[in-house]
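Structural description and commentary
Here is what each chain is made of, one letter per residue.
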Protein chains: 2
Amino acid sequence: MSKCEQCIIRQFNALRALQKDDLIRLSGCKTTHTIKKGEIIFEEGDNVNGVYCIKDGVCKLSKLSANGKDQIVKLVVRGDLLGQRSLISDEAANLSAVAINDMQVCFIPKHEIIHDLTHNINFSVDMLKDMAEELKLADKVIVDMAQKSVKQRLAETLLYLQTNFGEDDNGFLNIVLTRDDYANIVGTATESAIRILSQFKKEGLISTEGKQIKIENSKALKLIE
Amino acid sequence: MSKCEQCIIRQFNALRALQKDDLIRLSGCKTTHTIKKGEIIFEEGDNVNGVYCIKDGVCKLSKLSANGKDQIVKLVVRGDLLGQRSLISDEAANLSAVAINDMQVCFIPKHEIIHDLTHNINFSVDMLKDMAEELKLADKVIVDMAQKSVKQRLAETLLYLQTNFGEDDNGFLNIVLTRDDYANIVGTATESAIRILSQFKKEGLISTEGKQIKIENSKALKLIE
DNA sequence: AAAAAAATATGATATTTATCAGTTTTTAGT
DNA sequence: ACTAAAAACTGATAAATATCATATTTTTTT
């Protein structure tokens, strides 16, 4: 089993603030898990009882709305923590987490995190900084949802995926989402998302091969209105 | 000048975690301000250099979108802190803050807050809890924006104002917003907000007298779809 | 490899929301 | 109290988006 002291992933989140002895303690109580694509990590209302540190893979954080549609609020990726919001508020999960592809995660029990939060001020301040960044991003999403068209949001989502996940040797986005996921990220009907992607394809902005998407003209995508 | 040690407002925010000697120190460096309705407290891009503790009044936190419309992200009220997000991230303001009615605020310089954040773990954890709560609310707004109709959002906004600001002796909401503000909260065109309010009036769900709004049938408002 | 299921795609149409243009009412300033 | 400006309102129309129906393609299961 890998050791927290030697894990480089922690540099990407608040765990970077921990010292060697803390990390050794974490190593002793953490559990490592493989999560298959499509598996539910936790659902709204679940007691999470700890924090996941994402070593590899991606999951979607979503919330079920009254009309039965899932809204994806955030993609959680390698290096991110998962579950810290609920842990800090000491509440059941507010969002559901579902794996988008195969994942490797470490689970750190709640009491260990609480211990560090209440004894290591660097850790709590770093956690606070991470949370402040998340809040800023959430505010941006609110404004985009309220003021931009579905087409603009879908174009931005594609560009976001390009910059954050990169492209493979053939130029396809390094993350594969269903059309339904795209719809649930931009907040529209699945048919609408499909239609707009088809339109982008016709206009030569993207090309597709099954679920895979290649961005052909990112400049034009940025100019969509 | 009033003293932080005796101020009850701090019970509503993270400042509750501070001890008497910290509060006396704050009292010595804080400044008290009266802000008139419509005045700008800070704008996107400004360096805020501290945190405002709202003693009275309400302000809107908004962001200008590309199409020139302001999106109101949050109403900041008595007891709330203002400016802490930017301070923690050590960035210029991400949102603008404008007074919706006359306000009384205390301004606490940045270095004092930083001092407490890095020396008082109860304070940083409390700040973290407040921020986690804000993030949860922001996530809810994202889902509402994405999945609910303008009419639903406007109905919910009215109910939110009723529960959070209450009503005066005549039954009018204890907060007065312009139709433009309503539009900027729900993320729609001003005319659309006006039109829906008119419709609510015709249906007997609300009544109005100038800018003042009275909720006549909250049960029916909850059932809007 | 065949069958079943799921996902993608497209057309037709309905509904929602934005935009433009103009009127009336309210508010603020002198 | 009068005037100018701002805000609220309404109608007509255009544009965006959702919904329903159905066909096709892709993926999964047997």
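All figures in this text were calculated on a predicted structure; none of them were measured in a lab. (Residues numbered from 1 in each chain as written. Chains lettered and ligands numbered in written order. Predicted model: local features only at pLDDT ≥ 70, side-chain atom pairs only at ≥ 80, totals over all residues. Heavy atoms only, no water.)

This paragraph deals with the relation of the copies chain A and chain B. Between the two copies, chain A and chain B, the superposition gives an RMSD of 0.0 Å; the rotation angle is 180° and the shift along the axis is 0.0 Å. Given the turn and translation reported, the copies of this chain are related as if by a two-fold rotation axis. Most of the interface of chain A is mirrored in chain B, where 100% of its interface residues are also at the interface. (Least-squares fit on C-alpha atoms with pLDDT ≥ 70 in both. Contact = heavy atoms within 4.5 Å.)

Here the focus is the packing of helix H1 (residues 20–29) of chain B against helix H3 (residues 110–119) of chain B. All names here are of chain B. Two elements in contact, H1 and H3, have axes separated by 10 Å at closest approach and are oriented at 165°. Judged by the angle between their axes, H1 and H3 are roughly antiparallel. The two elements H1 and H3 meet at a crossing, and its hand is right-handed. Contacts from Asp 22, Arg 25, Leu 26 and Cys 29 in H1 reach Glu 112, His 115 and Asp 116 in H3. Of the residues in the contact of H1 with H3, the class split is two nonpolar, one polar and four charged. (Axes fitted to C-alpha atoms, helices over the stretch in contact; angles between N-to-C directions. Helix = DSSP H or I, 4+ residues; strand = E, 2+ residues; numbered from the N terminus. Parallel < 35°, antiparallel > 145°, perpendicular 65-115°, else oblique. Left-handed = near helix turned anticlockwise from the far one by under 90°. Nonpolar A, V, L, I, M, F, W, Y, C, P; charged D, E, K, R; others polar.)

Time to look at the UniProt feature "domain: Cyclic nucleotide-binding" (unreviewed entry) in chain A. In the numbering used here, UniProt assigns the "domain: Cyclic nucleotide-binding" (unreviewed entry) feature to residues 14–110 of chain A. A distance of 15 Å separates the end C-alpha atoms of residues 14–110 of chain A, which is 18% helix and 44% strand. (UniProt positions renumbered as here; feature names shortened; annotations may be inferred.)

Around DNA strand D, 16 residues are found, and the nearest of them are Thr188(A), Ser192(A), Arg195(A), Arg179(B) and Arg195(B). Among all atoms of DNA strand D positioned within 4 Å of the protein, those belonging to sugar or phosphate total 59%. Note that a base nitrogen of DNA strand D is positioned 3.4 Å from one of the side-chain N or O atoms of Glu191(A). For DNA strand D, a phosphate oxygen lies 2.9 Å from a polar atom in the side chain of Ser192(A). The set of elements that each furnish at least two residues to the surface near DNA strand D consists of helix H7 (190–202) of chain A together with helix H6 (179–186) and helix H7 (190–202) of chain B. Ranked by residues supplied to the surface near DNA strand D, first place goes to H7(B) with five residues. (Near = heavy atom within 4 Å. Polar contact = N/O pair within 3.5 Å; in protein donor to acceptor, adjacent residues only side chain to side chain.)

Once the charged atoms of two side chains with opposite charge are near each other, the side chains can pair. Following the criterion strictly, the structure yields 28 salt bridges over all chains and no others. A salt bridge links Glu44(A) to Lys63(A), with the shortest nitrogen-to-oxygen separation between them at 3.7 Å. In this pair, Glu44(A) sits in the loop between strand E2 (40–42) and strand E3 (50–56) while Lys63(A) sits in strand E4 (residues 58–64), placing the two residues 19 residues apart along the sequence. A salt bridge links Arg25(B) to Glu112(B); the nearest nitrogen and oxygen atoms lie 2.3 Å apart. Taken as a pair, Arg25(B) in helix H1 and Glu112(B) in helix H3 lie far apart in primary sequence, 87 residues in all. You can call Arg25(B) partly exposed: its relative accessible area is 27%. Judged by its relative accessible area of 12%, Glu112(B) falls in the buried class. Linked by salt bridges that have partners in common, Asp22(A), Arg25(A), Glu112(A) and Asp116(A) make up one network. (Salt bridge = Lys/Arg side-chain N within 4 Å of Asp/Glu carboxyl O. Buried < 20%, exposed > 50% of the residue type's maximum accessible area, 1.4 Å probe, protein only.)

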